[in-house]
Each structure stands twice: as structure tokens, then as C-alpha cells.
Amino acid sequence: MENKKEKIAAVVVTYNRKELLKECLEALLSQTYPLDSIILIDNASTDGTPEFLKENGYLDNPKIDYVRLLENIGGAGGFYEGVKRGYEKGYDWLWLMDDDAIVQKNTLEELIKAYLTLKKNNEKIGMIGSVAIANNNNLSWVLYCKEKKRVYRNLQDFEEETVEVDFLPFLSVLIERDVIKKIGYPDKKFFIWGDDLEYCYRIIKNQMKIFVTKKGIVRHPLAIGIEISFLKKKVFVKSSSQPPWKDYYDARNYIFIIKKHKLGIGKYFRFGGLIILSLFKRDQKFKRARYYLKGIIDGFFK
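Quick caveat, the model's predicted, so the values are computed rather than measured.

**Student:** How should the pattern of salt bridges be read in this particular structure?
**Tutor:** A pair can form between side chains of opposite charge whenever their charged atoms are brought close. According to the stated counting rule, one finds 18 salt bridges in the structure shown. One salt bridge connects Glu-123 with Lys-209, and the closest N-O pair in it is separated by 3.1 Å. Placement of Glu-123 in the loop between α4 (107–120) and β6 (125–133) and of Lys-209 in strand β11 (residues 209–219) is noted, with a sequence separation of 86 residues between them. Its relative accessible area of 22% is what places Glu-123 among the partly exposed residues. As a salt-bridge pair, Asp-298 and Lys-294 come within 3.4 Å of each other at their nearest N and O atoms. With a gap of four residues between them, Asp-298 and Lys-294 both fall in helix α9 (residues 285–300), about one helical turn apart. With a relative accessible area of 23%, Asp-298 lands in the partly exposed category. According to the relative accessible area criterion, Lys-294 is partly exposed, its value standing at 47%. Overlapping salt bridges, with partners in common, bring together Asp-247, Arg-282, Asp-283 and Arg-288 in one network.

**Student:** Please explain empty space enclosed by the protein as it appears in this structure.
**Tutor:** Empty pockets left among the atoms are what a rolling probe the size of a water molecule brings to light. Scanning the model with the defined rule gives one cavity of 30 Å³ or more in all. Each pocket or cavity is described by its volume, and for the largest cavity that value is around 60 Å³. What lines the largest cavity is Ser-130, Val-131, Ala-132, Leu-139, Trp-141, Leu-143, Leu-168, Pro-169, Leu-171 and Val-173. Of the residues that constitute the lining of the largest cavity, the class distribution is nine nonpolar, one polar and no charged.

**Student:** For this particular structure, what's the right way to read the pairing of strand β10 (residues 173–176)?
**Tutor:** If a strand is regular, its side chains alternate between the two faces of the sheet. Here β10 shows no split at all, with Val-173 and Ile-175 on one side and Leu-174 and Glu-176 on the other all buried. Pairing of strand β4 (residues 93–98) with β10, which is carried by four bridges, proceeds in the antiparallel orientation. Counterpart to Trp-93 in the pairing with β10 is Glu-176. In this sheet, β10 lies alongside β6 in antiparallel orientation, the contact comprising two bridges. Looking at β10, one finds that Ile-128 is bridged to Leu-174.

So, how was this worked out
Residues numbered from 1 in each chain as written. Predicted model: local features only at pLDDT ≥ 70, side-chain atom pairs only at ≥ 80, totals over all residues. Heavy atoms only, no water. Salt bridge = Lys/Arg side-chain N within 4 Å of Asp/Glu carboxyl O. Helix = DSSP H or I, 4+ residues; strand = E, 2+ residues; numbered from the N terminus. Buried < 20%, exposed > 50% of the residue type's maximum accessible area, 1.4 Å probe, protein only. 1 Å grid on protein atoms, 1.4 Å probe; cavity = no way out; pocket = protein on both sides within 12 Å on 5 of 7 lines; lining within 4 Å. Points joined across faces, edges and corners; volume = space filled by probe spheres on them. Nonpolar A, V, L, I, M, F, W, Y, C, P; charged D, E, K, R; others polar. Pairing = 2+ DSSP bridges.

What follows is the structure, given as C-alpha cells:
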């Protein structure tokens, strides 16, 4: 690692969260394993983000590659543009995250160490990422590994420093150039939600694995969803903090993923059950139900 040759760029997608963005950028600029570039994709923010970046000197930093889009194309569109830009500029690695992801100083270093260890063990690595910790010190996402029948809800569940999982959100994930060459860019048509899940399915379909290391921590302000008990099992549903219009994309995109990757009829029934459970647990039930229904219809008919 002392003879650093490969080039690494972070890809950060932002929209109207300039204060969180500042924390994110400061954390990236302070890494013990220095980045070569930060590709910052601004989804046409309306909160004065460009002026904020200029006033705080970020636009004068040669490491920050700032791209302001003409319209908001969602997180999925932002990651598409960022990964495409990073790939075309020839970076060997891309480190993807949202603007509310606050990494520790040694997060990138720990990700690379974990990667090198896995490589020595001849693992086929498609993606390696951080454990996302919410403000309550629990995992921001519940992680699973179907093959090993493991569920990870907190750091205490990790028996090893680095474990295989079935999915990671785009919250501090490191992807090698060869992987992008093989499976392409994130799908911008998702707008929000599901683009990272679909990307993980592509990785696994290409006989590569997804890993997470508990030493590479990323702080994430809020848990994305909540766990509830159903038939003596714990299931994961979206929280009420998400506005109803987002439920449309949740349904549309997941139905599309099931169809595209031929995940089986059981996935449809399971997802339908999760929607019903979430409506019982969340506010604005009728409004959410309408968005879910429209999303399901559009997901089936692409």
C-alpha cells in the first residue's frame, strides 16, 4: 500500500443537503489512504449548493471534480453519471456513496486491506463495502447472506472482520474497474431506490461475490427502514419517514428487478406481503397504497 499506483476516485451524489455534503467531503479529504479524485455529482440542487461549495473553497480543490447536472435525475441517474465519468477517466477503483455518508479517516484504507486479503484467498470480488452505522449505533441496513444463512443486524453479529453478503447499498462501496467493464454502469432509469440492488444481482450473476468489512465504518444518519416481527420472523420494511411518493419507486423498481432477473413467483408474493405489512405500520396508508399500486402496474409493464 506504500507503493500506491492505482488511481481511486470517490463518486458522491448530492441533492439539497449541503451541510451533510460538507461533512462527507471533509471526511473524504482526510482519508489515511488519499483519494486521487472526488467526482461530485450535483443533481441540480436548489439550496445554493454551488455557491456553498465555492464559498468554502471546495471548487478550488483540484481533487474535487464537480459536475452540476441540468435536472434532478435521481440517485440512480447520479450514480450512472458518476460511474460513467470515473470509468471514462480511467480510474482503477470507484468508491460510491451518498452525500449523507460520513466515512471514518481510515475507511478506505480498511476497505483496501480487506480486498487484498480476499484476493490472496482467491475470492472473486465484485464489490466490497463498509458497515453502515446509524445514529443509534445499529446497522443502517440489515444485511443477509442466504448461502451461509446469516443475518447481520449489528456489529456483534460479525464473527469475522470481513463477511460475504447478498446485497450492499451504495453507501461506501468500492468497485474495481474490471467489474464495471464486465457488468456496466448502474441503471439510471430507476431514478431512486433499487439501482444498487439490481447492480448486486448483476455482480452475483457474473459469478462474483459481495463483501462487507466491519473495520471500514461509514456513519449514516438514519436507518432506511425498520424491522418488524411476522410469523415469528423478523422482516424489513420502509419507515414512515419516507414520503409516500417514494413508495412508487420502491414498488416499480423491485417488480422490474424480479422480472429482469427471473427471481421467481415467490418473490412477488413476498414483496406483496411486505407492502401490506408496511401499510399497517406506517402513516398515510391510503395515499401510500395508491402509489404502491401504480408502481406495481408500471413495474410489470416496464
